[in-house]
Each structure stands twice: as structure tokens, then as C-alpha cells.
Amino acid sequence: MDPASAAHYTRLRRAHFPPERNWLDAHITLFHALPLTALDEVQRDLRACAATTPAFTLQVERVRFLGGGVAYDLAAAEALALRRTLAARWAGLLGRQDRQWRGPLHVTVQNKVRPDAARALHAELARDFVPHTVQTTGLDLWYYLGGPWRAVGGWPFRSLGAAEDAVQAR
């Protein structure tokens, strides 16, 4: 995400996500679990995909109640096409959760809380919600170490004009 949007959603996440579970800044998850044994292949594919994908705009469409949390739903045809392309390349690597993914893309600002706390935050955020846009900047790769996560790398989208292997704040 562009730096201003990332900062906004990270502030919300820090304020409302249980601190003992909040190991990452706000992010948009395309895939949940890829095997570490395929790390080189995944990095190669992300580099190639980012280099040929122009940055695009996501529409922030609504605040969604998750049962035990709250997220902002995002939409862009380019994001879905990018995910489909990567899912096809990684068909043999995807676990059940990623194979069955139906969307929408989203930014989670609260999770793993009691439903009444999530309902209250959802009502608060939905009351003042105005649809808006978020600019994409590139792709990041992280892997899970049982908490916390470890950053592997980042690749900017083509229109940023940055070096191919630059690591960008998303």
C-alpha cells in the first residue's frame, strides 16, 4: 500500500488487534501459506510478476465484520488477475486455504477478539466509513516462524521506477 494508507491501517491495527498476536503492520494477504522449500521459486515468480505489473488502485469498499474481528474489503480487477496468475503458477504449492480462496481481498485491523468487541468496533468504523482508494506499490514476501514473521523481500511494481530488487515499505 502507499505509505499514507499503510500508516493509517497500521494505526488501526495497533489500536485494536490483540498486541500479543499483532506481529505485522497492516497488509493485504494474497496467499496464506507457501512451502518454505519453494522459497527460491516463489521469489523468482514475485520478481517477474512485479516487474511486469503496473501499480494499480484498490477501491476500499466497506468495513466488514469477521465474527472475531474487523477488516476493510478491497476491490480491483488488477489485484484479482495478479492473484489468479500467481495461483496458476503455484498450483502445486498451494494448501487448502489458498486453493479455496474466494476473496475479497482485505486489510484486517482486528482479529482474534470476542464477537461483542468486534461488533462494537465494526459499528464504530462503519458509522464514519467513506469509500476511498489505496494505491498499490508492490509485492512483499514473509514467512512464519511460529511468531513473529520474517521479511524475505519486496519487489516494487513496474511503474514505481525503482530497482528490480529494491525492498519497499508497503
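Residues numbered from 1 in each chain as written. Predicted model: local features only at pLDDT ≥ 70, side-chain atom pairs only at ≥ 80, totals over all residues. Heavy atoms only, no water.

Draft legend 1. Structural view of the overall build of the protein chain. Along the backbone of the protein chain there are five helices and six strands. The secondary structure elements of the protein chain, listed N-terminal to C-terminal, are α-α-β-β-α-α-β-α-β-β-β. Computed over the C-alpha atoms, the radius of gyration of the protein chain is 16 Å, within 12% of the 15 Å expected from 2.2 N^0.38 for a compact globule of 170 residues. For the C-alpha atoms alone, the extent of the protein chain along its principal axes is close to 45 × 30 × 25 Å. In the protein chain, which comprises 170 residues, the share counted as buried stands at 41%. In the protein chain, the share of contacts with a sequence separation of at least 24, taken over all contacts with a separation of at least 6, comes to 70%. When the accessible area of the protein chain is evaluated, it comes to approximately 9400 Å², of which 53% is carbon and sulfur surface. Of the side chains in the protein chain, 21 bear a positive and 16 a negative charge, and the two mean positions are spaced by 5 Å. (Helix = DSSP H or I, 4+ residues; strand = E, 2+ residues; numbered from the N terminus. Rg over C-alpha atoms; globule rule 2.2 N^0.38 Å. Buried < 20%, exposed > 50% of the residue type's maximum accessible area, 1.4 Å probe, protein only. Contact = heavy atoms within 4.5 Å. Areas by Shrake-Rupley, 256 points an atom, 1.4 Å probe, with all protein chains shown as cover. Lys, Arg positive; Asp, Glu negative; His and termini not counted. Charge placed at Lys NZ, Arg CZ, Asp CG, Glu CD.)

Draft legend 2. Just the sheet that holds strand 4 (residues 132-135), in detail. If you trace the four strands from one edge of the open sheet to the other, you get 3-2-1-4, paired in antiparallel fashion. With partners counted over all chains shown, the strands left at the sheet margins are strand 3 (105-110) and strand 4, one partner each. Taking each pair of neighbouring strands and ignoring which way they run, the sheet shows an average axis angle of 35 degrees. In this structure, strand 1 (residues 57-65) lies alongside strand 2 (residues 70-75), joined through six bridges in antiparallel fashion. Following the sheet pairing, Phe65 is matched in strand 2 by Val70. The strands touched by helix 1 (residues 3-16) within the sheet are strand 1, strand 2, strand 3 and strand 4, with strand 3 carrying the most contacts at an inclination of about 40 degrees. Along the sheet face, helix 5 (residues 115-127) touches strand 1, strand 2 and strand 3 and points at about 135 degrees away from the line of strand 1. (Pairing = 2+ DSSP bridges. Axes fitted to C-alpha atoms, helices over the stretch in contact; angles between N-to-C directions.)

Draft legend 3. Spotlight on the side chain of Arg13. The topology assignment puts Arg13 in helix 1. No salt bridge is formed by the buried Arg13; the nearest opposite charge belongs to Asp25, separated by 6.7 Å. Within the structure, the side chain of Arg13 is placed 2.8 Å from the side chain of Asn22, a separation counted as a polar contact. With sequence-adjacent residues up to four places away left out, Arg13 is seen in contact with Asn22, Leu24, Asp25, Ala26, His27, Thr108 and Val109. (Salt bridge = Lys/Arg side-chain N within 4 Å of Asp/Glu carboxyl O. Polar contact = N/O pair within 3.5 Å; in protein donor to acceptor, adjacent residues only side chain to side chain.)

Draft legend 4. Expanded view of unusual backbone geometry. Looking along the chain, the bond that leaves Gly103 and enters Pro104 is cis, with omega of 0 degrees. Counting through the fold element by element, Pro104 comes out in the loop between helix 4 (96-99) and strand 3.

Draft legend 5. Expanded view of the pattern of salt bridges. Summed over all chains, the structure comprises six salt bridges. For Arg14, the salt bridge is made with Asp25, and the minimal N-O distance between the two is 2.8 Å. Of the two residues, Arg14 sits in helix 1 while Asp25 sits in the loop between helix 1 and helix 2 (39-52), which places them eleven residues apart along the sequence. Across the pair Asp98 and Arg83 runs a salt bridge, and its minimum N-O distance is 3.9 Å. You can see Asp98 sitting in helix 4 and its partner Arg83 sitting in helix 3 (residues 77-89), a full 15 residues away along the chain. Judged by relative accessible area, Asp98 falls into the buried class, the value being 2%. For Arg83, a relative accessible area of 5% gives the class buried.

Draft legend 6. Up close: the environment of Phe56. One can find Phe56 in the loop between helix 2 and strand 1. A relative accessible area of 6% places Phe56 in the buried class. Spatially, the C-alpha atoms of Phe56 and Met1 are 10.0 Å apart, while their sequence positions differ by 55 residues. Non-local contacts of Phe56, meaning those with residues more than four positions away in its chain, are made with Ala76, Glu78, Ala79, Val134, Gln135, Thr136 and Phe157.

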